[in-house]
Amino acid sequence: MAELSYRDAVARGLAQEMERDERVVLIGEDVAKAGGVFKTTVGLYERFGPRRVRDTPISEEAITGMIMGAAMNGLRPVGELMFSDFLATCWDIVTNQIAKTRYMTGGQVELPLVIRTANGGGARFGGQHSQSLENWAMAVPGLKVVAPATPADVIGLMAAAIRDPDPVIVFEHKGLFANKDEVPDGEIVDTLGTARVLRRGDDVTIVALAAMVHTALDAARILGGLGISAEVIDLRSLVPLDTTTLLDSVAKTTRLATVEENPRLVGWGAEISSLVAEEAFWDLDGPIVRITTPHIPLPAAGELEDLAIPSVEQVVDAVKAMSG
Amino acid sequence: MDIPVDIRLEMYDGMVRARYFEQRAHDLFMQGLVKGTTHLGLGQEAVAAGFAVAMRPGDMSYCTYRGHNHTLLRGAPMDALMGELMGRSNGICEGKGGSMHLTDISKGAMGSYAIVGAHLPVAAGAAWAAQLRGTDQVSVCFFGDGTTNIGAFHEAVNIAAVWDLPVIFVCENNLYMEYTAISEVIAVDHPAADRAAAYGLEGIIVDGNDADAVYEAAVAAYERARAGDGPSLIEALTYRHKGHSRADPGKYRPDEEVEEWLKRDPIDIYRERLLSLGVTEEILNEIEAKALAEVDAATEASKNAPPPDTAVLLTDVWADGGSSWRN
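None of the values given here were measured: they were computed from a predicted structure. (Residues numbered from 1 in each chain as written. Chains lettered and ligands numbered in written order. Predicted model: local features only at pLDDT ≥ 70, side-chain atom pairs only at ≥ 80, totals over all residues. Heavy atoms only, no water.)

Caption draft 1: Local environment of the packing of helix α2 (residues 45–54) of chain B against helix α8 (residues 211–226) of chain B. Residues and elements named next belong to chain B. At a minimum axis distance of 8 Å, the contact between α2 and α8 shows a crossing angle of 40 degrees. The orientation of α2 with respect to α8, classified from their angle, is oblique. Pair α2 / α8 crosses with right-handed handedness. On the side of α2, the interface is formed by Ala46, Val47, Gly50, Phe51, Val53 and Ala54, while α8 contributes Ala211, Val214, Tyr215, Ala218, Val219 and Tyr222. Looking at the contact of α2 with α8 residue by residue, the classes come out as eleven nonpolar, one polar and no charged. (Axes fitted to C-alpha atoms, helices over the stretch in contact; angles between N-to-C directions. Helix = DSSP H or I, 4+ residues; strand = E, 2+ residues; numbered from the N terminus. Parallel < 35°, antiparallel > 145°, perpendicular 65-115°, else oblique. Left-handed = near helix turned anticlockwise from the far one by under 90°. Contact = heavy atoms within 4.5 Å. Nonpolar A, V, L, I, M, F, W, Y, C, P; charged D, E, K, R; others polar.)

Listed below in structure tokens is the structure:
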């Protein structure tokens, strides 16, 4: 065991897979010599060389299109999009091409590729560099979607994504890069589509993802002091979705709250809520509660951004109200 | 270049097969047996034939929704292509692709892409993998003149040039982006060739209705790519005999222009050339009769094939063969 930051876990996960499989290559803007603008790929260029770790022009359609073509011809490429907001500039390649091609060709095309991207708010970057867009990707058949909350999960889910035969988008949360945690030594390989119960509880299930996992855990501790026993589930993977862990928890606690960084409309929590309402309605003892950012672009000023993104207090208040 | 007669006959055979296939596709559409839409490459067969014949088995070709010619001439079975157009169970993509997405990976026909420009970076990526893996594969990407105004064109050609990728970009300039003349929407005379200099590439223009000229340009570009000297950007001047798609009668084109280009039909031109080179009428007649028989057989096979099995609706979203998103 050693302490590792979420930021360094990205590089460790990539290095683990590049060491194991020479077909794994990494491209993106400033990922090589500079080690990434968020310093998530530091050391990879030096270790694996300029052929396998390569800087691209500012060309997101080229990055995503090139990894698709490379995946069609024997590589297992990883492409970095510096900010998830830039997905909008190559959404055609990601959704019309990468996501659909296997289906549209009757299964002829295999695309073992990974898109990694820095996602989420809290850094005061304003409306075009702060969004949480994992729900966009979740809505597209043919894309797998993961969003790790801890350094160990970054490594394990990155490895699982790279080894997976399907396209996977890994959303790395900008607000977590500096977080440190104990990480086991040696190879770490996780499983896509598995949620994790991070805190056991009996009164209410709080489902969260990425940075909101930590918000939910902090809230659960406070709620514990108030006599409310909250179970916290880190979804980790939106596609595939671990509905078993979710439904089992709701069956036990009888109440559900989701904590999302997405704007209100059609955030991933809406799908979770719909699923529980359809399949576990009779387990519920009260309305499902969604805690989201308001339906607004994220503002830049710290006081405003903090107001927008769900806070520990908001989660505590909302869960108190639903438990009362 | 002295092109051997067997290569010439192969090109003629390819053009005739493509022509008859697409004429039949048009007829079947009028009979209601092909639905949705079709984008025919009638009149543009020489580009497909010249490149396909110059290609090696491991090479990869990427084309657009106007991709029947290219997919067929890489060796995809005609009956499976016809079945795909007709939405039958014998379709090459199980009926899930349709006219705009014909693909036969086993033959290096890496797909037909229906969003303008999207396949250029994909073709470049396949070339990048060839470069990294040290294979001698070349990736060829066909697209229309209208594509030269979309961002993906510029992103792909730039990175291919900077990385010296073994990819050949082939612009089929048929003078119309869709219904609008390309000359109305570009600031230069040649949509592809005049942009080449921006990426340090030579602006190459060939007569796209002359299979020999296309073949020679293709051979030169393959040699360049295999030698590690990087990409080529080739503009082939050609003309589509029909409108942009099934919905378009092409009335925006002046009658004289259409007549002029119909006189320059690539198949008529090539037939005369082959005769002048001493190929007998009998040999050409036999190629034509065989192609027609192949189209007839493909049509019959597809008409007789049942609709796709309903089970395929939910297959092949994922590599495990299914479409499940939950446990």
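Caption draft 2: A look at the domain arrangement of chain A. Residue and element names in this part refer to chain A. Domains assigned within chain A are domain 1 (2–183) and domain 2 (196–323). Relative placement of domain 1 and domain 2: their C-alpha centres are 26 Å apart. Taken together, the 26 residues of domain 1 in the interface contact 26 residues of domain 2. Between domain 1 and domain 2, a total of about 2,000 Å² is buried, with carbon and sulfur atoms accounting for 56% of that surface. (Domains from an automatic or database assignment. Buried area = accessible area lost by both parts, 1.4 Å probe.)

Caption draft 3: Quick peek at the interface of chain A and chain B. The interface is formed by 50 residues belonging to chain A together with 44 residues belonging to chain B. For the pair chain A and chain B, the two sides together bury roughly 3,900 Å², of which 61% comes from carbon and sulfur. The largest share of the area that chain A buries against chain B comes from Met66, Asn73 and Tyr103 of chain A, three residues that together contribute 19% of it. With a closest N to O distance of 2.7 Å, Glu279 of chain A and Arg326 of chain B form a salt bridge. At the level of secondary structure, the elements contributing two or more residues to the side of chain A that touches chain B comprise β2 (24–28), β3 (53–55), α3 (60–72), α4 (91–98), α5 (101–104), α9 (243–253) and α10 (268–279) of chain A. Counting residues per element, the side of chain A that touches chain B draws most heavily on α3 of chain A, at nine residues. Of the residues contributing to the side of chain A that touches chain B, the split by class is 22 nonpolar, 16 polar and twelve charged. (Salt bridge = Lys/Arg side-chain N within 4 Å of Asp/Glu carboxyl O.)

Caption draft 4: Summary view of the packing of aromatic side chains. Residue and element names in this part refer to chain A. Tallying each qualifying case throughout the model produces 15 aromatic pairs over all chains. Here Phe83 and Phe125 contribute two aromatic rings whose centre-to-centre distance is 5.7 Å and whose plane-to-plane angle is 75 degrees, an arrangement assigned as edge-to-face. Taken together, the residues span a long stretch of sequence, with Phe83 in strand β4 (residues 76–83) and Phe125 in the loop between β5 (114–119) and α6 (134–138) at a distance of 42 residues. Judged by relative accessible area, which is 40%, Phe125 ranks as partly exposed. Summarising the aromatic geometry, the rings of Trp91 and Trp136 are spaced 5.6 Å apart at their centres and angled 65 degrees between planes, so their arrangement reads as edge-to-face. Here Trp91, found in helix α4, pairs with Trp136, found in helix α6; they are 45 residues apart in sequence, far enough to count as distant. (Phe/Tyr/Trp six-rings, centres within 6.5 Å; stacked < 30°, edge-to-face > 60°. Buried < 20%, exposed > 50% of the residue type's maximum accessible area, 1.4 Å probe, protein only.)

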